[in-house]
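Observations on the model geometry
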Amino acid sequence: MPADGPPDAPTDQAGRAGWAAGRATVVAVGLVAVLGVLAVVSAGSGQLHVPPAEVVGSVLHHAGLDLGPLPTHPNGDAALWTIRFPRVAMAALVGAALATAGAVMQGVFGNPLAEPGVVGVSSGAAVAASVTIVLGLTALGPWTTAVAAFTGGLAATFLVYGLARSAGRTEIVTLVLTGVAVNAVCGAGLALTTFLGDTQAREQIVFWQLGSFNGTRWAHVGVVAPLVLLGITGALALSRRLDLLALGERSARHLGVDVERLRVLSIVVVAVLTAAGVAFCGIIAFVGLVVPHLIRMAVGPGHRVLVPLSALGGAVLLLAADLVARTAVGYADLPIGMLTALVGGPFFFWLIRRTRRSAGGWA
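Residues numbered from 1 in each chain as written. Predicted model: local features only at pLDDT ≥ 70, side-chain atom pairs only at ≥ 80, totals over all residues. Heavy atoms only, no water.

Concerning helix α3 (residues 76–109)
Here α3 spans 47 Å end to end across 34 residues, near enough to the 50 Å set by a 1.5 Å rise per residue. The largest bend in α3 is about 40°, located at Arg-84, with the proline Pro-86 one to four residues further on. Most of α3 is tucked away: 28 of the 34 residues are buried. Positive backbone phi, approximately 65°, marks Gly-110, located one or two places after α3. (Helix = DSSP H or I, 4+ residues; strand = E, 2+ residues; numbered from the N terminus. Expected span 1.5 Å × (residues − 1). Bend = angle between axes of the 7 residues up to and from the residue. Buried < 20%, exposed > 50% of the residue type's maximum accessible area, 1.4 Å probe, protein only.)

Examining the pattern of salt bridges
If you walk through the whole model with that rule in mind, you get seven salt bridges. In this structure, Arg-304 and Asp-243 form a salt bridge, with 3.9 Å as the shortest nitrogen-oxygen distance. Here Arg-304, found in helix α12 (residues 303–327), pairs with Asp-243, found in helix α8 (residues 218–245); they are 61 residues apart in sequence, far enough to count as distant. Using a relative accessible area of 56% as the deciding quantity, one classes Arg-304 as exposed. Within the structure, one salt-bridge network assembled from shared partners comprises Arg-87, Asp-322, Arg-326 and Asp-333. (Salt bridge = Lys/Arg side-chain N within 4 Å of Asp/Glu carboxyl O.)

Some remarks on the layout of surface pockets
Approximately 560 Å³ is the volume found for the largest pocket. Looking at the largest pocket, it is lined by 21 residues, and the ones nearest its centre are Pro-142, Thr-145, Ala-146, Trp-208 and Phe-280. Every element with two or more residues in the lining of the largest pocket is listed here: α4 (121–135), α5 (144–164) and α7 (199–210). Counted by class, the lining of the largest pocket contains nine nonpolar, twelve polar and no charged residues. (1 Å grid on protein atoms, 1.4 Å probe; cavity = no way out; pocket = protein on both sides within 12 Å on 5 of 7 lines; lining within 4 Å. Points joined across faces, edges and corners; volume = space filled by probe spheres on them. Nonpolar A, V, L, I, M, F, W, Y, C, P; charged D, E, K, R; others polar.)

Looking at the confidence of the model for the protein chain
Put simply, the protein chain has an average pLDDT of 86, and 92% of its residues get 70 or more. By mean pLDDT, the top-scoring element of the protein chain is α8 (94), and the lowest-scoring one is strand β2 (residues 169–170) (74). (pLDDT = per-residue confidence, 0-100.)

What to know about the nonpolar core
Membership of the largest hydrophobic core comes to 91 residues, with the highest contact counts inside it found for Val-94, Phe-109, Phe-213, Val-228, Ile-284 and Leu-318. Counting residues in hydrophobic clusters, the runner-up holds five residues, among them Leu-113, Val-290, Phe-347 and Leu-351. (Core = buried A, V, L, I, M, F, W, Y, C linked by side-chain atoms within 4.5 Å.)

Topic: the packing of α3 against helix α10 (residues 259–279)
Taken N-terminus to C-terminus, the directions of α3 and α10 make an angle of 155°; their axes are 8 Å apart at the nearest point. Judged by the angle between their axes, α3 and α10 are roughly antiparallel. Seen from above, α3 lies across α10 with left-handed handedness. Contact with α3, carried on its side by Val-94, Ala-97, Leu-98, Thr-100, Ala-101, Val-104, Met-105 and Val-108, involves Arg-263, Ser-266, Val-270, Leu-273, Thr-274 and Gly-277 of α10 and no other residues of that element. For the contact of α3 with α10, the residue count by class is nine nonpolar, four polar and one charged. (Axes fitted to C-alpha atoms, helices over the stretch in contact; angles between N-to-C directions. Parallel < 35°, antiparallel > 145°, perpendicular 65-115°, else oblique. Left-handed = near helix turned anticlockwise from the far one by under 90°. Contact = heavy atoms within 4.5 Å.)

Section: the side chain of Gln-106
The residue Gln-106 is located in helix α3 in this model. The class for Gln-106 is buried, based on a relative accessible area of 3%. Once residues lying within four places of it in the same chain are set aside, the contact partners of Gln-106 are Asn-111, Pro-112, Ala-114, Gly-288, Leu-289, Pro-292, His-293 and Arg-296.

Some details on the state of the cysteines
Counted by the stated rule, this structure contains zero disulfides. As a non-bridged cysteine, Cys-186 has Cys-281 as the owner of its nearest cysteine sulfur, 20 Å distant. Classification of Cys-281 by relative accessible area gives buried; the value is 2%. (Disulfide = S-S within 2.5 Å.)

Quick word on the packing of α4 against α7
Between α4 and α7, whose axes approach to 9 Å, the crossing angle comes to 155°. The angle between α4 and α7 places the two elements in the roughly antiparallel class. Handedness of the α4/α7 crossing: right-handed. Side by side, α4 and α7 meet where Ala-125, Ala-126, Ala-129, Ser-130, Ile-133 and Val-134 of the first sit next to Ala-201, Gln-204, Ile-205 and Trp-208 of the second. Among the residues making up the contact of α4 with α7, the classes are represented as eight nonpolar, two polar and no charged.

Some points on a nonpolar patch on the surface
Taken together, Val-206, Leu-210, Met-338, Leu-342 and Val-343 make up a surface patch of nonpolar side chains, about 420 Å² in accessible area. Within the residue set of the nonpolar patch, elements represented by two or more residues are α7 and α13 (336–359). For the nonpolar patch, the element with the most residues is α13, which contributes three residues. Inspection of the secondary structure assignment puts Leu-342 in helix α13. (Patch = residues over 30% accessible without salt bridge, like charges linked within 9 Å, V, L, I, M, F, W, Y side chains within 5 Å. Areas by Shrake-Rupley, 256 points an atom, 1.4 Å probe, with all protein chains shown as cover.)

Points about the environment of Gly-120
Within the secondary structure, Gly-120 sits in the loop between α3 and α4. Judged by relative accessible area, Gly-120 falls into the buried class, the value being 0%. Put simply, Gly-120 and Phe-158 are 38 residues apart on the chain and 9.0 Å apart in space, counted from C-alpha to C-alpha. If we ignore the near neighbours within four places in the chain, the residues touching Gly-120 are Ala-156 and Asn-183.

Below you can see the structure in the form of structure tokens.
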């Protein structure tokens, strides 16, 4: 008599779909819970410590609810709402933006090793920011560098796409190679501006390249938040077509997908998300590579689930990294891009080896 399988094992397509949906729900609830805890702990951590109960109490009182204790330190409430909460919000937004951009890039390229920097957005933003720093441009006041970085990121992305397009089509290999070339040129431009700048300008360029949320204010969050929400909404709108593209270009076309249009829209979404993410905070590496792959391992490749969970995962990762950056060394604010690279570098190496083993070697 054959042994019975586990009573809850999925045995048909409907069962597998229900099991996957349940797993995605568990992951989503877990990420939201971790994000909430991290936000409270991060807001209260630093040179001026505010206990979690007082952080929650401050939020409730500002929401009009007379619940929970207010910060006992005379400057506690002001520090929370002027410095800490804007920084927490920015970290969550940038993490969500970079992770979502990574999920879209990996869907378009059909490769888990793809990340937003492939299309030159980060290097273009870095060059534009360094030019404003070296030349001392202040046309837009304190917003000059951020606006230049956002514009430079978009310009580099569209340059890569324009150079890679031929006869009305864009091949993925050509796009990647063009991105490598544009990144190399931008790297040379960044080296030139660093060489031409004085000591103070060089320090600013290096600091911007390493990434930091230090100095974030509500005005910055107010600029980044609409762009990030717009980009995530666009990614969600493209998710079904990205799922069809995973079947192959020919199959996607037979199912009614305009592949070239999908690539254009996807690259625009990636450019907006990444440029918004790096404009105020500098370059933060590996978030767009690590988070979507981890989420894909947990819930599967479907973009209608992968995109929103990647956004949550990116927010969690950068909030955690920013917490470490502010508390690991006393009276110091470590560059957050350095921390994400320290984690992402070994992960990238592991991912390469894993991909090579699963594919049976490189073609």
